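Per-entry structural report
These are the residues of each chain, in order.
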Amino acid sequence: MALNVRQAAGSLMVVGLSGTELSGLERAWLKLVRPGGTILFRRNIVDAAQTRLLLDEITSFSSPRALRCVDLEGGTVDRLRDALAPMPAAQLVARADAIPTRSQKARANGAPRSMAHQHGTLIAQSVRAFGFNATLAPVLDLALQDSMQVMGTRSTGSNADEVVAFARPFLAGLAEQGVAGCGKHFPGLGGGTKDSHFDTPEVERTWGELWEQDIAPYRALRDELPMVMVNHAAYPRTKGKDLPATASSFWIHEVLRKQVGYRGLIFSDDMEMGGILKFLPMEEAAVAAIRAGMDMIEICHSAELILRAYEALIAEAERSSAFRALLLKRAQEAAKKRARIVPAQAAKALTAKQYEALRAKVRAFHEKVLALAGDTAPDSAGSKLKPVVETA
């Protein structure tokens, strides 16, 4: 079906809401924008039944095959921890997987099932139970000293081989349950010292270091990643210079699409973050992101900023015939990509018995990971690391 400019602009947006049910104002702008997806946070989630009703209503105002996203990595980024049970941090799961004497379940063919695969499976089952079809995980950033205080236990390895060893079975676990994963944060935040929620990190790594190390997981997993999230960092020692990656055609088009050869859905980090808004106003940032090659932009909270981005895309399409053609083409491509990675219908709701069984499985897995890995690193409970900001 051919889209007009307004439909195309809205379909390239993933939006957040303010509470546990829609306000009249939110219903009004959702009907106008008809976004291509939504993302919910702990502020939106009470329990599975409430969340499914909220998602169903949002989706009724959305573009076809809309993304229903949640951040569930485990550890410090776990939007379902209060409504279901805490999921262990990915770094601890990777550590447990590295222990050769760990207890393993066997697949039907006799091969061992990794803890990372179990992690992906449980996360997928959890998000499906709440009505989501995508989780913004796994993190593919390297666990380097520079970013340790920012990333905490979100990163799973200090080199690409370790990151891929976790991410590949994790993604398989998601895929087997019909949930789309998202590798993040391209081209890599391992060398960053600033939190992009507040500032634009300047990652002082060379092109050679980035290509051989930080980008290597994306090259290895390019055909297994349904989505890739691009970050707001700048890389001054590369051709990207001081422009945040989310607004950079060098990083999105030249590197990710052409050199890596990625053909999946390219997704921005939250465009409300200081990492991009301190560099460009929302109107310019939204247009720059789409022009640079982004498939969809994410705006996680502010209705004002969502509408400013929406109107900016339309205004630029009315001003520039080239941008109009690009916007329409991008909307068609993004719709096809969403149709490939998310099911037409949400998963069926669990019975009360099934839900409690899932809660017990998550708790047991968490305890098993802690027992195998040792609770020597900060985890989802009691972490002394700076918590991840809720709205990103």
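Residues numbered from 1 in each chain as written. Predicted model: local features only at pLDDT ≥ 70, side-chain atom pairs only at ≥ 80, totals over all residues. Heavy atoms only, no water.

For the protein, the helix and strand inventory stands at 15 helices and twelve strands. Rg of the C-alpha trace for the protein: 20 Å, near the compact-globule value of 21 Å for 392 residues, within the 12% margin. Along the longest, intermediate and shortest principal axes, the C-alpha atoms of the protein span 65 × 50 × 40 Å. Buried positions account for 59% of the 392 residues belonging to the protein. Taking the intrachain contacts of the protein between residues at least 6 apart in sequence as the baseline, contacts between residues at least 24 apart amount to 78%. Carbon together with sulfur atoms contributes 52% to the accessible area of the protein, which is approximately 15,400 Å² in total. (Helix = DSSP H or I, 4+ residues; strand = E, 2+ residues; numbered from the N terminus. Rg over C-alpha atoms; globule rule 2.2 N^0.38 Å. Buried < 20%, exposed > 50% of the residue type's maximum accessible area, 1.4 Å probe, protein only. Contact = heavy atoms within 4.5 Å. Areas by Shrake-Rupley, 256 points an atom, 1.4 Å probe, with all protein chains shown as cover.)

Per the counting criterion, the structure on display carries 20 salt bridges. Between aspartate 56 and arginine 68 there is a salt bridge whose closest N-O contact spans 3.0 Å. With aspartate 56 in helix 3 (residues 48-60) and arginine 68 in strand 3 (residues 67-70), the pair connects residues that are twelve residues apart, well separated along the chain. (Salt bridge = Lys/Arg side-chain N within 4 Å of Asp/Glu carboxyl O.)

Assignment of secondary structure puts glutamate 212 in helix 8 (residues 207-214). Taking the relative accessible area as the measure of exposure, glutamate 212 reaches 53% and is therefore exposed. Taking the C-alpha atoms as reference, glutamate 212 lies 9.9 Å from asparagine 159; in sequence the two are 53 residues apart.

The subject of this paragraph is the packing of helix 12 (residues 282-292) against helix 13 (residues 303-319). Where helix 12 meets helix 13, the axes come as close as 8 Å, and the angle between the chain directions of the two elements is 60°. Taken together, the axes of helix 12 and helix 13 lie oblique to each other. The way helix 12 lies across helix 13 gives a crossing that is right-handed. Contact with helix 12, carried on its side by Met282, Glu283, Ala286, Val287, Ile290 and Arg291, involves Leu305, Arg308, Ala309, Ala312, Leu313, Glu316 and Arg319 of helix 13 and no other residues of that element. Here the residues of the contact of helix 12 with helix 13 sort into eight nonpolar, no polar and five charged. (Axes fitted to C-alpha atoms, helices over the stretch in contact; angles between N-to-C directions. Parallel < 35°, antiparallel > 145°, perpendicular 65-115°, else oblique. Left-handed = near helix turned anticlockwise from the far one by under 90°. Nonpolar A, V, L, I, M, F, W, Y, C, P; charged D, E, K, R; others polar.)

This part takes up the pairing of strand 10 (residues 227-230). Neither face of strand 10 is exposed, since Met227 and Met229 on one face and Val228 and Val230 on the opposite face are all buried. Two strands pair when backbone bridges link them, and strand 9 (residues 182-186) and strand 10 are joined in this way by three bridges, in the parallel orientation. In the sheet register, phenylalanine 186 faces strand 10, and the bridge partner there is valine 230. Between the parallel elements strand 10 and strand 11 (residues 265-270), the chain passes through helix 10 (residues 249-259) in a crossover that is right-handed. (Pairing = 2+ DSSP bridges. Right-handed = clockwise from strand over helix to strand, strands pointing away.)

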